[in-house]
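Given next are the chains, with one letter for each unit.
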Amino acid sequence: MSLTIGLLAEARYLSQLQPSGLADALTARGHDVRIIDPRRTTWDSSDCPWLDDLDIVIARGRSWELFNLLSAAEARGVPTLNNRSAIAAVHNKAEMSVRLAASGVPIPRTFIGTSEQLAASIPRDHYPLIVKPVFGDNARGLHIFCSANELGTVQAFDVMIAQHFLDSDGFDVKLYAIGADVTVVRKPSPLATTRADAVLLPVTREAREIARRCGDMFGLQLFGVDCIDTPQGLKVIEVNDYPNYTSVPQADERLARFVESLQSDRRVKAS
């Protein structure tokens, strides 16, 4: 049975691999896909014609407008992927780090505060630090600081996140999850100065368990987990909702099948 799917996506993502790849795969499978720009859609608390006939809303973005439209869909019983609360749970990287640490997920030592607070309180042996904004994506705003003197001069953010910079070979390990389906990719760090190809890695029990815990913790179904491979095992840097699934084999088809399976499961439960 064909589906009518609302693809709620900020314009900046439409030129990326996702969600355009998913839209193409769903269309090829006979589904009606409607691209919805949250900045060009009127939000009316009493009347939401853009929701008419939609079987599911799939969201990519983190804007205020997108959150409002997701809330409208969920209030009217339209299934959403990812849902609003799940996206919001990883949008604030400070809150995300607190929850990861409290749950026992292995992460680097992480500090949250203003540049002055961090420079005054972080022990010298925790440097170098990688510092990033609380609200940021696509590796924007990343900086490395080697001393408190350097860090204390930063005025870019009111509050920031500082993590102990873990030694690596210039590569990160990315766990890409589509529901319970996990793919592990070794890819160059966004801070790397050299170019190299991404490489698929075996899906270990450790990787699968970390992905499961992160998905369950934040309520995510489409997500990526950025990790650093250390002698002590994988350490989680952050979790992101609906990534591009770069280098994941047949990612578009796998995403489309997952969307179909969600709707099939819902129909079975409703019958």
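Above: the structure in question.
Values in this document were obtained by computation on a predicted structure and should not be read as measured data.

The rules behind each value
- Residues numbered from 1 in each chain as written.
- Predicted model: local features only at pLDDT ≥ 70, side-chain atom pairs only at ≥ 80, totals over all residues.
- Heavy atoms only, no water.
- Pairing = 2+ DSSP bridges.
- Helix = DSSP H or I, 4+ residues; strand = E, 2+ residues; numbered from the N terminus.
- Axes fitted to C-alpha atoms, helices over the stretch in contact; angles between N-to-C directions.
- Buried < 20%, exposed > 50% of the residue type's maximum accessible area, 1.4 Å probe, protein only.
- Expected span 1.5 Å × (residues − 1).
- Salt bridge = Lys/Arg side-chain N within 4 Å of Asp/Glu carboxyl O.

Our next topic: the sheet that holds strand β9 (residues 171-178). One open sheet accounts for 5 strands, arranged β11-β10-β9-β12-β13; its pairing is antiparallel. For this open sheet the edge positions go to β11 (199-201) and β13 (233-241), each flanked by a neighbour on one side alone. Adjacent strand axes in the sheet meet at a mean angle of 30° when their direction is disregarded. Here 3 bridges tie strand β10 (residues 181-188) to β11, and the two strands are oriented antiparallel to one another. Residue V185 lies in a different strand from β11, and its bridge partner there is L200.

Each neighbour pair has its own omega, and for Q18 with P19 the value is 15°, a cis peptide bond. Mapping P19 onto the fold places it in helix α1 (residues 17-28). In this chain, Y127 is followed by P128 through a cis amide linkage whose omega measures 0°. Note on placement: P128 falls in the loop between α5 (115-121) and β6 (129-133). Non-glycine residue D53 carries a positive phi angle of around 70°. Position of D53 among the secondary structure elements: in the loop between β2 (32-36) and β3 (56-60). With relative accessibility at 62%, the residue D53 sits in the exposed group. For S247, which is not glycine, the phi dihedral falls at a positive 75°. Mapped onto the secondary structure, S247 falls in the loop between β13 and α8 (251-270).

Attention now moves to helix α2 (residues 64-75). Its 12 residues give α2 an end-to-end C-alpha distance of 17 Å, which sits within 8% of 16 Å, the value for a rise of 1.5 Å per residue. Here α2 has its buried residues at L66, F67, N68, L69, L70, A72 and A73. Backbone geometry just after α2 places G77 at a positive phi near 80°.

On to the pattern of salt bridges. If charged atoms from side chains of opposite charge come close, those side chains can pair. The final tally for this structure, using the stated rule, is 14 salt bridges. In the salt-bridge network here, residues are joined through shared partners; they are R29, E253 and E260.

This part takes up the pairing of β13. Most of β13 is tucked away, with 8 of its 9 residues classed as buried. The pairing of strand β12 (residues 222-230) with β13 spans 8 bridges and is antiparallel. Note on β13: the bridge partner recorded for T230 is G233. Between β12 and β13, which pair antiparallel in sequence order, lie 2 residues.

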